[in-house]
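# Architecture and fold: a report
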Number of protein chains: 2
Amino acid sequence: MATYLIRKLEQFTQLSSEDKQKLERAAAAKVRVVRPREDIIREGDKPRQVNLILDGWACRYKVLEDGRRQIVGFLVPGDVCDIRMFILKQIDHSMGALTPVRVAEIPSDTLLDVIDTSPRLTRAMWWNSLVEEAISREWTTSLGQREAIERLSHLFCELYFRLKAVGLTENGQGRKSFEFPVTQDQLADATGMSTVHVNRTLQLMREQELIIWKGKTVTIPDLEALMSVAMFNANYLHLDRDGHELDANEP
Amino acid sequence: MATYLIRKLEQFTQLSSEDKQKLERAAAAKVRVVRPREDIIREGDKPRQVNLILDGWACRYKVLEDGRRQIVGFLVPGDVCDIRMFILKQIDHSMGALTPVRVAEIPSDTLLDVIDTSPRLTRAMWWNSLVEEAISREWTTSLGQREAIERLSHLFCELYFRLKAVGLTENGQGRKSFEFPVTQDQLADATGMSTVHVNRTLQLMREQELIIWKGKTVTIPDLEALMSVAMFNANYLHLDRDGHELDANEP
DNA sequence: CGGCCGCTTGAATACCGTCAATTATAGTGG
DNA sequence: CCACTATAATTGACGGTATTCAAGCGGCCG
């Protein structure tokens, strides 16, 4: 159940089988299914438990008084939505399902117990938080400095690397692809662009063979080229096993 | 020395005198002075210790390959730059001084000891991280959805509330003010606008009496009005003592 | 097969960026 | 104390990127 989370954390350090079992047990407790367009949790709610995305896509978003909406991050399998947020009276942003989503509802205490009794897991979860913060800063940078085509390219790069880390990409004859069940409207809300401009920029990207997007599958024919357009530097995702000295010593 | 940090944390929960002494002792260890335009820490560096801003203004920023720069957050007295970042091989963004800055260099272990031996401080520092993340999301929202005048207004609101929390604002006859030693160039880098447009938007804001900016002092004649233009909702800063049930029981 | 949702297109326009030059302010040294 | 210099703020003109509005197309699902 917690396979994706485990895979992700192992980008930082190799977990022990005990670590993994603990996570599996915690995640197996209670599973909720959220339908597309429904919220997993809504701004103003009192946080109750930790939500772990088992399957499907969701997003974090904020809504302004006048209805303008900004998606501030995508949530994919393995993402933990709101660890430690239970200390707040109310949550400050919403999380909504983009596809049918299976969410593990883990009592905060349970998860903290699991994490805090293993120094390795403690560090791995710190790492996870640090990466999330870095992603958020990168979004700010994209929205502030990158123009349309760079911004979209950067987002596709981010998602490719994140999905690769949890094993949700394919790699056929050098062309990398992944499921991308997001509409152009949602892409517009995420990049701070109008839908029309997203559409036109995507056409440009297809012409330049930066991406192929058919149905719900995105293919990247030439990752180097896409990264170059995006000025993408993967360092901020910290996928190079920064915590290898903590690796569990198992066969 | 750690006065501002203590004041900030007490927006979440009342600390005990022991908590405060521990923080004071940790922050007194080693103090470094960084001059304007110098970096406190640079992207790619190996994080060595935790940096606490004692005095002065700094910012977090990212630089793209072609030199474009985005400021992704302001750092003011009481802000902790990089707690827990020492587990990473290299840091993913830079922090630069905007004014002369006094920084307390706290060994990571020292700070973790202090924090982890007091459940109250543990929670208070969680809260601090959650607020920083929320601020980052709000910047993304501003850059994505708010137009120029709203964006600048929102930033002034954020800074007013943050500075008020650490006691760095004045309140003369209903007009709120604070030191704001930031140039229009830097403001442009922070809001993702050109300097020219920042300048013109500020003129507009002065005409509408949303702000008065003389020398290095910003005055807000009518906070309600500014908040309204910015569509500012202070909830995300969580300044309403969410952790009051942890309050230390002291006179 | 009809309807809805998402994608696409065109035209007009607004917002904001760039370039380049000028004015103001502050810090420095004679 | 004042000239000198660097930095910061301001202005005008122009162009480009992106938004808005509105309409048409197309595929998927009941």
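Structural notes, computed from the coordinates. (Residues numbered from 1 in each chain as written. Chains lettered and ligands numbered in written order. Predicted model: local features only at pLDDT ≥ 70, side-chain atom pairs only at ≥ 80, totals over all residues. Heavy atoms only, no water.)

So, on to the protein's contact with DNA strand C. By nearness alone, 15 residues border DNA strand C, and A:Arg37, A:Gln184, A:Asn199, A:Arg200 and A:Gln203 come closest of all. Atoms of DNA strand C within 4 Å of the protein belong to the sugar or the phosphate in 69% of instances, the rest to bases. Between DNA strand C and A:Gln184 there is a distance of 2.8 Å, counted from a phosphate oxygen to a side-chain nitrogen or oxygen. Interatomic distance of 2.6 Å between a side-chain N/O atom of A:Gln203 and a phosphate oxygen of DNA strand C. Elements represented by at least two residues in the surface near DNA strand C include exactly helix H7 (195-207) of chain A together with helix H7 (195-207) of chain B. The element that contributes the greatest number of residues to the surface near DNA strand C is H7(A), accounting for 5 residues. Taken together, the residues that form the surface near DNA strand C break down as 4 nonpolar, 7 polar and 4 charged. (Near = heavy atom within 4 Å. Polar contact = N/O pair within 3.5 Å; in protein donor to acceptor, adjacent residues only side chain to side chain. Helix = DSSP H or I, 4+ residues; strand = E, 2+ residues; numbered from the N terminus. Nonpolar A, V, L, I, M, F, W, Y, C, P; charged D, E, K, R; others polar.)

With that out of the way, let us pick up the protein's contact with DNA strand D. Surveying the vicinity of DNA strand D reveals 15 residues, the closest of which are A:His197, B:Gln184, B:Asn199, B:Arg200 and B:Gln203. Here the atoms of DNA strand D within 4 Å of the protein split so that 68% fall in sugar or phosphate, with bases taking the remainder. One of the backbone N or O atoms of A:Ala148 is found 3.1 Å from a phosphate oxygen in DNA strand D. The contact in question runs from a phosphate oxygen of DNA strand D to an N or O atom on the backbone of A:Gly192, over 3.5 Å. Looking at the surface near DNA strand D, the elements that each hand over two or more residues are H7 of chain A together with H7 of chain B. When residues of the surface near DNA strand D are assigned to their parent elements, the largest contribution, 5 residues, is made by H7(B). Its residues placed into classes, the surface near DNA strand D shows 4 nonpolar, 7 polar and 4 charged.

With that out of the way, let us pick up the packing of aromatic side chains. Across all of its chains, the model carries 26 aromatic pairs over all chains by this definition. On the basis of an interplanar angle of 75° and a centroid distance of 6.3 Å, the ring pair of A:Trp126 and B:Phe86 is categorised as edge-to-face. One end of the pair, A:Trp126, is in helix H4 (residues 119-145); the other, B:Phe86, is in the loop between strand E5 (69-75) and strand E6 (94-97), on a second chain. Each member of the pair, A:Trp126 as well as B:Phe86, carries the same accessibility label: buried. Geometrically, the ring pair formed by B:Phe178 and B:Phe180 is edge-to-face, given 6.2 Å between the ring centres and 90° between the ring planes. When its relative accessible area of 1% is taken as the criterion, B:Phe178 is described as buried. A connected cluster of aromatic rings, assembled from ring pairs, spans A:Trp57, A:Phe74, A:Trp139, A:Phe156, A:Tyr160, A:Phe161, A:Phe178, A:Phe180, A:Trp213, A:Phe232 and A:Tyr236. Here the basic side chain of A:Arg69 rests over the ring of A:Tyr61, its NZ or CZ set 4.9 Å away from the ring centre. (Phe/Tyr/Trp six-rings, centres within 6.5 Å; stacked < 30°, edge-to-face > 60°. Buried < 20%, exposed > 50% of the residue type's maximum accessible area, 1.4 Å probe, protein only. Lys NZ or Arg CZ within 6 Å of the ring centre and 35° of its normal.)

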